[in-house]
Amino acid sequence: MNFNIYNSIILAGVIQGLIFGAVVLFSKKYNHKSVYFLVTMIVIYSLNNLQYYFVDIGVFDYNEFFKNYYFPWAELVPALLYFYVLSFLFPEKKNSNKSRWLLLLFGLHFLISAVYKVLVRINSKLEFLEQLKDGLRYYSAYYAELVTGLLGICVLVVLFFKIKDYQKKHLEFQREYIKLELNWLKITLLLFLLLTILNVSLVITDMTLFEDISYYPVWILLTLIIYWLGHIGIYKYGIVEERKQIRKKKKNKTAPILEIKTKHIIIERLKQFLENEKRFLDSSLTLEKTADALELSQGHLSKIINKELGISFKDYINTLRVEEAKSYLQDEDFSNYTLVAIGLEAGFNSKSAFNTSFKKITGETPSQFKQKHNN
């Protein structure tokens with residue numbers, strides 16, 4: 001048996017992936033199609049790794065593997081990844097019939113694998129059947145992985161355009177819509193793309209030069225990226241769902257408005273824009289956008305805010321957001337929600353920005369404030 005640190009890491013990932021998939025799929029908390037696509041991809045990839053793990057440690061050799069045990073699990077991964085990202089970005093849309101052609105690759109490879117297994121068992125001596133059998137065996141060993149990799153690259157490129165399309169549609173602030181923060185997804189897909197390109201390069205090198213190439217580094221890194229996508233994807237889904245619930249509960253509640261002792265006409269217009277229209281909840285709001293909305297220059301608006309309020313534009317915005325967050329933290333109805341969801345709902349773009357601004361303005365962290373109020 002060929003046990004080593006590399007295939008031990010793969011096995012640990014397989015076990016973790018299968019357990020993770022079982023826990024999420026049987027949980028009522030994650031009842032959404034995007035989660036189902038994501039977790040199914042994790043489970044499928046784990047099963048694919050498991051079958052190659054047995055080959056790697058020497059339970060059976062490659063010939064026996066393709067004759068009896070090979071199943072094209074990996075060919076489902078590009079399709080499931082595509083369906084996951086689209087259902088996460090556009091949950092109201094159904095997957096079009098055109099996108100289901102991605103599943104044809106799995107069907108083709110499954111058919112090739114089945115035909116090869118049949119030919120092996122027939123054991124015919126006809127020359128064309130022997131050539132067909134050898135061709136199918138070679139395809140399953142090399143071309144299947146190459147084709148899957150190339151399809152994966154195409155899918156990842158298309159997904160980047162889908163993300164760009166989503167961001168283009170949600171440039172403007174919409175109170176009724178939860179705008180998704182997608183940097184984590186873009187970075188993850190970019191790493192996935194680079195590793196897939198590297199894996200395809202290794203397969204081509206292996207096919208053309210017949211060199212003894214180690215796939216361990218790429219294999220392990222791809223596994224880590226996919227499992228990371230699974231965990232962070234579930235976490236982000238949970239945050240979005242919490243924010244939806246917070247919005248449902250706060251419909252009949254009004255957060256306290258920050259009192260400002262000034263009657264300056266520009267400050268009154270600024271208050272109306274930020275507080276009455278709740279524009280301070282827009283995490284992408286800047287001095288430039290605000291000045292444009294009020295038809296003022298950035299420099300003039302900044303000067304007026306500093307003179308009349310004694311604070312910068314950024315501190316003023318964050319003070320409004322902190323007041324919004326405090327209204328949640330002091331309310332029993334929001335006691336079960338995470339600080340991340342509350343911070344994002346209050347207009348901050350991250351947990352760290354929420355903690356930093358909250359402590360700067362109140363002198364304590366959100367968790368300290370919440371604990372103190374509850375006590």
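Now for a look at the structure at hand. Source: prediction; values computed, not measured. (Residues numbered from 1 in each chain as written. Predicted model: local features only at pLDDT ≥ 70, side-chain atom pairs only at ≥ 80, totals over all residues. Heavy atoms only, no water.)

With that out of the way, let us pick up the overall build of the chain. In terms of helices and strands, the chain carries 15 helices and zero strands. On C-alpha atoms alone, the chain measures out to a radius of gyration of 27 Å, which is more than a quarter above the 21 Å that the 2.2 N^0.38 rule sets for 375 residues. For the chain, the spread of C-alpha atoms along the principal axes amounts to about 95 × 45 × 35 Å. Classification of the 375 residues of the chain by burial places 48% in the buried group. Accessible surface, the chain as shown: approximately 20,300 Å² in total, 59% of it carbon and sulfur. Counting 46 positive and 35 negative side-chain charges, the chain places the averaged centre of each group 6 Å from the other. (Helix = DSSP H or I, 4+ residues; strand = E, 2+ residues; numbered from the N terminus. Rg over C-alpha atoms; globule rule 2.2 N^0.38 Å. Buried < 20%, exposed > 50% of the residue type's maximum accessible area, 1.4 Å probe, protein only. Areas by Shrake-Rupley, 256 points an atom, 1.4 Å probe, with all protein chains shown as cover. Lys, Arg positive; Asp, Glu negative; His and termini not counted. Charge placed at Lys NZ, Arg CZ, Asp CG, Glu CD.)

This part covers the packing of helix H2 (residues 33–57) against helix H3 (residues 62–69). Relative orientation of the contacting elements H2 and H3 amounts to 145°, with a least axis distance of 10 Å. At the point where H2 passes H3, the crossing takes the right-handed sense. Note on element contacts: H3 touches H2 through Tyr62, Phe65 and Tyr69, opposite Gln51, Tyr52 and Val55. Looking at the contact of H2 with H3, its residues break down into five nonpolar, one polar and no charged. (Axes fitted to C-alpha atoms, helices over the stretch in contact; angles between N-to-C directions. Left-handed = near helix turned anticlockwise from the far one by under 90°. Contact = heavy atoms within 4.5 Å. Nonpolar A, V, L, I, M, F, W, Y, C, P; charged D, E, K, R; others polar.)

Checked against the element boundaries, Lys117 lands in helix H5 (residues 103–122). Although buried, Lys117 forms no salt bridge, and the nearest oppositely charged side chain, Glu75, lies 11 Å from it. Sequence-distant contacts of Lys117, that is, excluding residues within four places in its chain, are made with Phe66, Lys67, Asn68, Tyr69 and Tyr70. (Salt bridge = Lys/Arg side-chain N within 4 Å of Asp/Glu carboxyl O.)

Let us look at the nonpolar core. Leu81 and Leu89 are the most contacted members of the largest nonpolar core, which totals 63 residues. Among residues more than four places away in sequence, those in contact with Leu89 are Lys162, Ile163, Tyr166, Tyr177, Leu180 and Leu182. Formed by 19 residues, the second largest nonpolar core is a distinct cluster that contains Ile267, Leu281, Leu285 and Ile305. (Core = buried A, V, L, I, M, F, W, Y, C linked by side-chain atoms within 4.5 Å.)

Locating Asp56 in the fold gives a position in helix H2. Relative accessible area serves as the criterion here: at 22%, Asp56 is assigned to the partly exposed category. If sequence neighbours within four positions are ignored, Asp56 has contacts with Asn2, Asn4, Asn7, Tyr216 and Trp219. One polar contact links Asp56 to Tyr216, side chain to side chain, over a distance of 2.5 Å. (Polar contact = N/O pair within 3.5 Å; in protein donor to acceptor, adjacent residues only side chain to side chain.)

We now examine the pattern of salt bridges. The full count for this structure, using the stated rule, is nine salt bridges. Here Glu345 makes a salt bridge to Arg243, at a shortest N to O gap of 2.8 Å. Of this pair, Glu345 sits in helix H13 (residues 339–345) while Arg243 is found in helix H8 (residues 216–249), placing the two residues 102 residues apart along the sequence. Of the two residues, Glu345 and Arg243, neither departs from the other in class, the shared state being buried.

So, about the side chain of Asn49. Tracing the backbone shows Asn49 in helix H2. With sequence-adjacent residues up to four places away left out, Asn49 is seen in contact with Ile10, Val14, Trp219, Thr223 and Tyr227.

Below, the discussion takes up unusual backbone geometry. Excluding glycine, residues mostly carry a negative phi; peptide bonds, for their part, are mostly trans. For Glu295, which is not a glycine, the phi torsion comes out positive at approximately 60°. Its location among the elements puts Glu295 in the loop between helix H10 (287–293) and helix H11 (298–309). By relative accessible area, which is 71% here, Glu295 ends up exposed.

Another aspect to go through is a nonpolar patch on the surface. A cluster of nonpolar side chains, Met1, Phe3, Phe54 and Val59, forms an exposed patch at the surface whose accessible area comes to about 420 Å². Within the fold, Met1 resides in the segment before helix H1 (5–25). (Patch = residues over 30% accessible without salt bridge, like charges linked within 9 Å, V, L, I, M, F, W, Y side chains within 5 Å.)

Looking now at the packing of aromatic side chains. Applying the stated rule across the entire model yields 29 aromatic pairs. Plain terms: the ring middles of Phe90 and Tyr166 are 5.9 Å apart, the flat faces sit at 65° to each other, and that makes the pair edge-to-face. You can see Phe90 sitting in the loop between helix H4 (77–89) and H5 and its partner Tyr166 sitting in helix H6 (residues 127–169), a full 76 residues away along the chain. Each of the two residues, Phe90 as well as Tyr166, counts as buried. A centroid spacing of 5.5 Å and a plane angle of 70° characterise the contact between Phe358 and Phe369, whose relative ring orientation is edge-to-face. Taken together, the residues Phe358 in helix H14 (residues 351–362) and Phe369 in helix H15 (residues 366–374) connect sequence positions eleven residues apart. (Phe/Tyr/Trp six-rings, centres within 6.5 Å; stacked < 30°, edge-to-face > 60°.)

Turning our eyes to something else, we now look at helix H9 (residues 265–276). Along its twelve residues, H9 runs 15 Å from first to last C-alpha, staying within 8% of the 16 Å computed at 1.5 Å per residue. Taken together, the buried positions of H9 are Ile266, Ile267, Leu270, Lys271, Phe273, Leu274 and Glu275. Those residues of H9 hidden inside the fold are in contact with H10, H11 and helix H12 (313–329). (Expected span 1.5 Å × (residues − 1).)

With that settled, the discussion passes to the environment of Leu25. Counting through the fold element by element, Leu25 comes out in helix H1. Each C-alpha atom of the pair Leu25 and Val39 lies 7.2 Å from the other, and the pair is 14 residues apart in sequence.

Time to look at the environment of Lys236. Tracing the sequence through the fold places Lys236 in helix H8. For Lys236, the residues in contact, after removing those within four places along its chain, are Phe88, Glu181 and Trp184.

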